[in-house]
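The chain contents come next:
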Amino acid sequence: MNKKGMRILAIISMFALLVLSACGGKDDASGAKTKEDYDYLSLLTGGTQGTYYALGGALADIISSETGVKTTAEVSQASAANMTALKDGKAEIAFVQTDIAYYASKGEMMFDGEVVDQVSAIGALYPETVQLVTTEKSGIKSFEDLKGKKVSVGAPGSGTYANAEQLLEIHGLSMDDIEKQDLDFGESQESLQSGQIDAAFITAGTPTGAVESLNAVAKVFIVPVADDKADALIEKYQYYAKEVIPAGTYGIAEDTPTVSVGAMLVIQNDVPEDLAYEITKAIYDNTSKLTHPKGALIKKETGLDGIGIPVHPGAQKYFDEK
């Protein structure tokens, strides 16, 4: 090629580079995403009969209206599956139990050896009550009565499974002592109602839709966790707290002691700071719009309580201002 041809080729190459740089999308100079990159956000919840799903739709509507980014609540297999989905880039926001988020950040329990460090916290929401649900006709009154019985321990990838395993352990039992069934909340409710199982672990904010549905057709009984057993559980697993299900909930006759973990919202680290800030502000400044009973427990003052993983810089900015 002669010199003139080389000069023409060089000019064409420079022009191509300029065009490419001008059409590189909406990323900023560092290549990071900006708010304008997001036309849509996916908010992962849990099964349709759980509190995550009930609250998720309302929170998605609030985020959509306050940020201008269309947000949709999606059914999922709950906590552990939600952390994995965010890690894999399949969604941007999710509900998760605080204990499960902690396991993911450390690569422990169901995340054995697989650290999830692509996800950070938006903030804490409300206590999630660990409920061992059965019916009066089952005859089950204590954890010891579970031996040899068919018991739902939650859907695969759910935090309920870990809670069930740990509560059984504190009571001197294991999964081998029961006929475990891996059912979500809706499946647990239907199976209890039909007599296909004897009891079900359900970790969710109370009142939980699945248990209310069961109570509509059968007399519900919540197996209590004795004070000494709760103390032993909390000593070994410090993310638990004592909880009481008030008399009248699901028609139960008296207050029932049990334990709880926390519910929180998490977000992909890649979501830009300004958008994460707007999402956090949308949620905690508009809790009065939530009609679910747990909405009253979501407060900016407790938004960082019990968080065992890093907080997204956008969320941290909001809480620092408040």
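Quantities reported herein were computed from a predicted structural model and do not represent experimental measurements.

**Structural notes on the nonpolar core**
And then number 1: Ranked by size, the top nonpolar core spans 30 residues in total, and within it I93, L265 and I279 carry the most contacts.
And then number 2: Broken down by secondary-structure element, the contributors of at least two residues to this core are strand 1 (40–44), helix 2 (51–67), strand 3 (93–97), strand 4 (119–135), strand 10 (256–268), helix 9 (273–284) and helix 10 (313–321).
And then number 3: Per-element tally for this core: the top contributor is helix 9, with 7 residues.
And then number 4: Among residues more than four places away in sequence, those in contact with L265 are L43, L59, I93, A94, F95, A121, I122, G123, L125 and I283.
And then number 5: Core analysis: the next-biggest nonpolar cluster, separate from the first, contains 25 residues, V130, F143, Y240 and V261 among them.

**Some points on the confidence of the model for the protein chain**
And then number 1: Of all residues in the protein chain, 90% attain a pLDDT of 70 or more, and the chain-wide mean is 90.
And then number 2: In this model residues 8–26 is a low-confidence stretch, pLDDT under 50, and it forms 4 contacts with partners more than four residues away in sequence or in other chains.

**Quick notes on the environment of P156**
And then number 1: With respect to the helices, strands and loops of the structure, P156 is situated in the loop between strand 5 (150–152) and helix 5 (159–170).
And then number 2: C-alpha separation for the pair P156 and A80, spaced 76 residues apart in sequence, amounts to 8.5 Å.
And then number 3: Not counting the four nearest positions on each side in its chain, P156 is found in contact with Q77 and D182.

**Description of the pattern of salt bridges**
Should their charged atoms come close, side chains of opposite charge can pair.
And then number 1: In this structure the tally under the stated criterion is 11 salt bridges.
And then number 2: E278 is the partner of K35 in a salt bridge, and the nearest nitrogen-oxygen pair spans 2.7 Å. A residue pair is termed long-range when its members are at least 10 positions apart, and K35 in the loop between helix 1 (3–22) and strand 1 and E278 in helix 9 qualify at 243 residues.
And then number 3: What makes K35 buried here is its relative accessible area of 18%.
And then number 4: Between D88 and K87 there is a salt bridge, with the nearest N and O atoms lying 3.0 Å from each other.

**Regarding the pairing of strand 3**
And then number 1: With respect to burial, strand 3 is a largely interior element, 5 of its 5 residues being buried.
And then number 2: Burial of the side chains of strand 3 extends over both faces: I93, F95 and Q97 are buried on one face and A94 and V96 on the other.
And then number 3: Two elements, strand 1 and strand 3, share 2 bridges in a ladder whose sense is parallel. From the neighbouring strand, L44 faces strand 3, where its bridge partner is A94.
And then number 4: Inspection of the sheet shows strand 3 paired to strand 10 by 5 bridges, in the antiparallel sense. Across the sheet, the residue bridging to I93 is I267, located in strand 10.

About the criteria used
- Residues numbered from 1 in each chain as written.
- Predicted model: local features only at pLDDT ≥ 70, side-chain atom pairs only at ≥ 80, totals over all residues.
- Heavy atoms only, no water.
- Core = buried A, V, L, I, M, F, W, Y, C linked by side-chain atoms within 4.5 Å.
- Buried < 20%, exposed > 50% of the residue type's maximum accessible area, 1.4 Å probe, protein only.
- Helix = DSSP H or I, 4+ residues; strand = E, 2+ residues; numbered from the N terminus.
- Contact = heavy atoms within 4.5 Å.
- pLDDT = per-residue confidence, 0-100.
- Salt bridge = Lys/Arg side-chain N within 4 Å of Asp/Glu carboxyl O.
- Pairing = 2+ DSSP bridges.

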